[in-house]
Amino acid sequence: MHIPDGLIATNEPTSVTVTVGMWILSIAFLAWSWKKAKTTYNRSITSLLAISSAFVFAAQMINFPIAFGTSGHLVGGTFLAVLLGPYAAMLSMTIVLLMQAFFFADGGIMAFGMNAFNMAVIGGLSCFLIKLLTRGSGGNRRLIPSIFLASWLSVMTGALLAALEISPAFAGGVMVTVPSMLFYHAIIGLGEGAITAVLISSVQRMQPAIIGGLSLLKERTKP
Amino acid sequence: MNKHFAVIAAIVVFLAVFIPLASSSPDGLERVVETFGVEENAPYWSGVMSDYAIEAIENPYVSTLLAGVFGTFMVLLAGLLLGKVMMAKRHVSE
């Protein structure tokens, strides 16, 4: 759901306002996550952050077919959020999006504010939903279903925001973009949920110690 | 550092296996744009390797694989750099 610059109408006030507004929102959230990250993590996060970002980049290249001649791919926001916690996840996904936009023109430069919010910020925030659903404990039986639901919802939320953001380019406006974006992404989100659930449960089996996202939130709620 | 190379190697294998299997259909957003016949404006930045392909390489598999490996490497480096900068200016002592 990377929005290209081609969908931004630079001569249209609504489109420009949305574009600028999303840049401001994204910068605000990224500044917050940067500030939080500096005081939350220790040095060992660097390696995991770099490796998981690289993996998410590669995974995003692999589109899976859904239906109606349409495909989708893992976004990986919730995956990163469970591994790294919300703050580093936002920064990690931002790096992925930045490299995609700069080197591969996947997602626009002007549209970067929107894409960063829809995928990086929403992905990071999904950590809080998982925390809520699992009541802060990473080890219970609710974890995998919660991760599935949060992944699906993060894709749906991103798609809804993208639908609103691209609507100025459509003659029918939000009345056509919202239902159609939600329709396709409801299916793509199932793939996101399934892949994220499988990835996290394999990591949990092989390297349980590196799943830091939830324990991190847990620690912070107990002063 | 060895760990990073091992992970890169694993990601290269992952890409090598899955790139031929990946769907080339439009994604959800592209499908919506197509369905409603929206004309996109010409982008003013078309990237270094637009659409994950290296122009000089004719074989599409090799081209996409190399672009993917390059991107993976760039993201890894950027991640390491970000982590370094983030931890260099820590406010709390470990």
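Calculation criteria
Within every chain, residues take consecutive numbers counted from 1 along the sequence as written. As they are written, the chains are lettered A onward and the ligands numbered 1 onward, keeping that order. Thresholds applied to this predicted model are a pLDDT of at least 70 for local features of residues and 80 or more for the giving and counting of side-chain atom pairs; totals over whole chains, interfaces and linings are not thresholded and use all residues. Helix and strand definitions follow DSSP, with helices as H or I runs of at least four residues and strands as E runs of at least two, each counted in order from the N terminus. This radius of gyration counts C-alpha atoms alone. The globule rule is 2.2 Å times how many residues there are, raised to the power 0.38. Each residue is represented by a C-beta atom placed from its backbone, and any two residues with such atoms within 7 Å are regarded as in contact. In this analysis, the expected span of each helix is defined as 1.5 Å times one less than the number of residues it contains. What the bend at a residue measures is the angle between two axes, fitted to the seven residues ending there and to the seven starting there. Here the axes come from fitting lines to C-alpha atoms, over the contacting stretch only for helices, and the angles between their N-to-C directions go from 0 to 180 degrees. In what follows, roughly perpendicular refers to angles from 65 to 115 degrees, roughly parallel to angles under 35, roughly antiparallel to angles over 145, and oblique to any angle outside these ranges. Left-handed is the label given to a crossing in which the near helix is rotated counterclockwise from the far helix by less than a right angle, and right-handed is the label when the rotation is clockwise. Ten residues, namely Ala, Val, Leu, Ile, Met, Phe, Trp, Tyr, Cys and Pro, are considered nonpolar, four, namely Asp, Glu, Lys and Arg, are considered charged, and the remaining ones, Gly among them, are considered polar. pLDDT gives the predictor's per-residue confidence on a scale running from 0 to 100. For the exposure call, what matters is how many other C-beta atoms sit within 10 Å of a residue's own: 20 or more marks it buried, 12 or fewer exposed, and in between partly exposed, using C-beta atoms placed from the backbone. Here, a nonpolar core means buried Ala, Val, Leu, Ile, Met, Phe, Trp, Tyr and Cys residues linked by C-beta atoms lying within 7 Å of one another.

**Student:** An account of the overall build of chain A is needed here, citing residue identities and associated values.
**Tutor:** Scanning chain A from N- to C-terminus turns up 8 helices and 2 strands. Tracing chain A from N to C terminus, the helices and strands come up as α-α-β-β-α-α-α-α-α-α. Taken over C-alpha atoms, the radius of gyration comes to 17 Å for chain A, in line with the 17 Å a tight globule of 223 residues would show.

**Student:** Quick one: what's the story with the interface of chain B and chain A, residue by residue and with numbers?
**Tutor:** On the side of chain A, 55 residues touch chain B, which itself brings 50 residues to the contact. In terms of residue count, the dominant contributor to the side of chain B that touches chain A is helix H3 (residues 60-88) of chain B (14 residues).

**Student:** Requested: an account of helix H7 (residues 174-206) of chain A, with residues and values cited.
**Tutor:** Between its terminal C-alpha atoms H7(A) stretches 45 Å, which fits the 48 Å expected from 33 residues at 1.5 Å a residue. For H7(A), the principal kink sits at Ala186(A) and spans about 30°.

**Student:** Residues and numbers for the packing of helix H3 (residues 77-84) of chain A against H7(A), please.
**Tutor:** All names here are of chain A. Viewed as axis vectors pointing N to C, H3 and H7 meet at an angle of 25°, and their least axial separation amounts to 9 Å. On the basis of the axis angle, H3 is roughly parallel to H7. At the point where H3 passes H7, the crossing takes the right-handed sense. Touching Thr78, Phe79 and Val82 of H3 are Thr196, Leu199 and Ile200, all from H7. Residues of the contact of H3 with H7, tallied by class, amount to 4 nonpolar, 2 polar and no charged.

**Student:** Could you give an account of the confidence of the model for chain B, naming the residues involved and the relevant values?
**Tutor:** For chain B, mean pLDDT is 89; residues scoring 70 or higher make up 93% of the total. Model confidence for the complex is summarised by a pTM of 0.93, with the ipTM given as 0.92.

**Student:** Could you give an account of unusual backbone geometry, naming the residues involved and the relevant values?
**Tutor:** Even without glycine at this site, Ala105(A) takes up a positive phi of about 50°. Secondary-structure assignment places Ala105(A) in the loop between helix H4 (86-104) and helix H5 (112-134). The buried category is assigned to Ala105(A), around which 21 C-beta atoms lie within 10 Å. Here Asp51(B), not a glycine, exhibits a phi torsion of approximately 60°, which is positive. Within the secondary structure, Asp51(B) sits in the loop between helix H2 (28-35) and H3.

**Student:** Mind laying out the nonpolar core, listing which residues take part and the relevant values?
**Tutor:** By size, the foremost hydrophobic cluster in this structure holds 92 residues, and its most contacted members are Ala54(A), Val82(A), Leu84(A), Ala88(A), Met90(A) and Ala162(A). Leave out the neighbours within four places in its chain, and Ala88(A) touches Ala37(A), Tyr41(A), Ile45(A) and Leu49(A).

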